[in-house]
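# Breakdown of the fold
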Amino acid sequence: MKLNKKGLVILSIVLLIIFYFSRLAPTIYLHNNTNKDLYIYTMQHTGSMEPTLEELQQLKRIKVIRPNEQLSLPVSTSYSEDTELFSKWKIGSQSGGGGSIIALINDSKGGCAIDIFIKENSIEVIDKEAIYCTQKVLISQKTIGDQIVE
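Residues numbered from 1 in each chain as written. Predicted model: local features only at pLDDT ≥ 70, side-chain atom pairs only at ≥ 80, totals over all residues. Heavy atoms only, no water.

## A short note on the overall build of the chain
Worth spelling out the cut-off: Secondary structure counts use DSSP, requiring at least four H or I residues in a row for a helix and at least two E residues in a row for a strand, with both numbered from the N terminus. Summary of the burial criterion: residues with accessible area below 20% of their type's maximum are buried, those above 50% are exposed, and those between are partly exposed, where the area comes from a 1.4 Å probe applied to protein chains only. Note on contacts: a residue pair qualifies if any of its non-hydrogen atoms lie within 4.5 Å across the two residues. Note on areas: Shrake-Rupley, 1.4 Å probe, and residue coverage restricted to the protein chains presented here.
For the chain, the helix and strand inventory stands at 2 helices and 10 strands. In the chain, which comprises 150 residues, the proportion classed as buried is 37%. Across the chain, contacts joining residues at least 24 apart in sequence account for 68% of those joining residues at least 6 apart. Approximately 9300 Å² of the chain is accessible, and the part contributed by carbon and sulfur atoms is 55%.

What follows is the structure, given as structure tokens:
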């Protein structure tokens with residue numbers, strides 16, 4: 001009987017360690033590689049219809065990333081398949097130049113976590129390693145100012 005309890009405790013600890021080092025929901029990490037503050041506007045919505053009023057309200061929650069700092073944008077998995085996450089940033093002020101990304105959330109393509117390094121005139125996207133996630137995130141479009149970049 002003691003062996004079964006010991007085995008259950010060990011299994012529970014192993015599972016907790018696995019879930020601690022993995023992500024169940026995908027995450028996007030924005031890194032400010034400029035020497036100015038970044039003002040971040042983000043909205044997650046189902047891509048097949050117009051955004052709801054509640055989804056548009058998300059854009060009013062402005063987040064600020066100081067130079068050489070990062071911000072994680074956890075992605076809600078409560079949305080249905082083919083969800084999009086839109087994130088736009090302004091450099092230096094809320095009316096300054098900037099860029100944006102559109103990320104697709106699904107269960108088949110992309111990664112569990114993505115690093116996005118934002119520079120004055122460029123964006124670098126790198127997939128991060130993760131053991132498991134319930135859905136994945138894939139960057140489908142990047143812009144700097146009004147220009148789409150690869």
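## A few points about the pairing of strand S8 (residues 123–128)
Keep this limit in mind: Strands are treated as partners if at least two bridges between them are detected by DSSP.
Taken together, the 6 bridges between strand S7 (residues 113–118) and S8 define a ladder with antiparallel strand orientation. Within the sheet, the bridge partner assigned to Ile114 lies in S8 and is Asp127. Counted along the chain from S7 to the antiparallel partner S8, the turn is 4 residues long.

## Describing the pairing of strand S9 (residues 136–144)
Here 8 bridges tie strand S6 (residues 98–106) to S9, and the two strands are oriented antiparallel to one another. The residue of S9 that forms the bridge with Ser100 is Thr143. With 3 bridges connecting them, S9 and strand S10 (residues 147–149) associate as antiparallel partners. The residue of S10 that forms the bridge with Lys142 is Val149. Between the end of S9 and the start of S10, which pair antiparallel, lie 2 residues, with Gly145 showing a positive phi angle near 60°.

## Brief notes about the sheet that holds strand S2 (residues 38–46)
Definition in use: For helices, the fitted line uses only the C-alpha atoms of the stretch in contact; every axis is such a line through C-alpha atoms, and the angle between N-to-C directions lies from 0 to 180 degrees.
What the 6 strands build is an open sheet, ordered S3-S2-S5-S6-S9-S10; its pairing is antiparallel. A single partner strand is all that each edge strand has here, and the edge strands are strand S3 (63–65) and S10. In this sheet, neighbouring strand axes are inclined to one another by 30° on average, regardless of whether the strands run parallel or antiparallel. Relative to S6, strand S5 (residues 83–91) runs antiparallel, the two sharing 8 bridges. Across the sheet, Leu85 pairs through a bridge with Ala103, a residue of S6.

## A few points about a nonpolar patch on the surface
Basically, it comes down to this: The patches described consist of residues with a relative accessible area above 30% and no salt bridge, like charges being joined within 9 Å and nonpolar side chains (Val, Leu, Ile, Met, Phe, Trp, Tyr) within 5 Å. By definition here, a salt bridge exists when the distance from a side-chain nitrogen of Lys or Arg to a carboxyl oxygen of Asp or Glu is within 4 Å.
On the surface, a nonpolar cluster with roughly 290 Å² of combined accessible area is contributed by Leu8, Leu11 and Leu15. Locating Leu11 in the fold gives a position in helix H1 (residues 2–21).

## Thoughts on the pattern of salt bridges
Under the defined criterion, the tally for this structure stands at 2 salt bridges. One salt bridge connects Asp37 with Arg66, and the closest N-O pair in it is separated by 2.7 Å. Of this pair, Asp37 sits in the loop between strand S1 (27–32) and S2 while Arg66 is found in the loop between S3 and strand S4 (70–74), placing the two residues 29 residues apart along the sequence. Note that Glu124 is salt-bridged to Lys119, the shortest N-O span being 3.5 Å. Judged by relative accessible area, which is 34%, Glu124 ranks as partly exposed.

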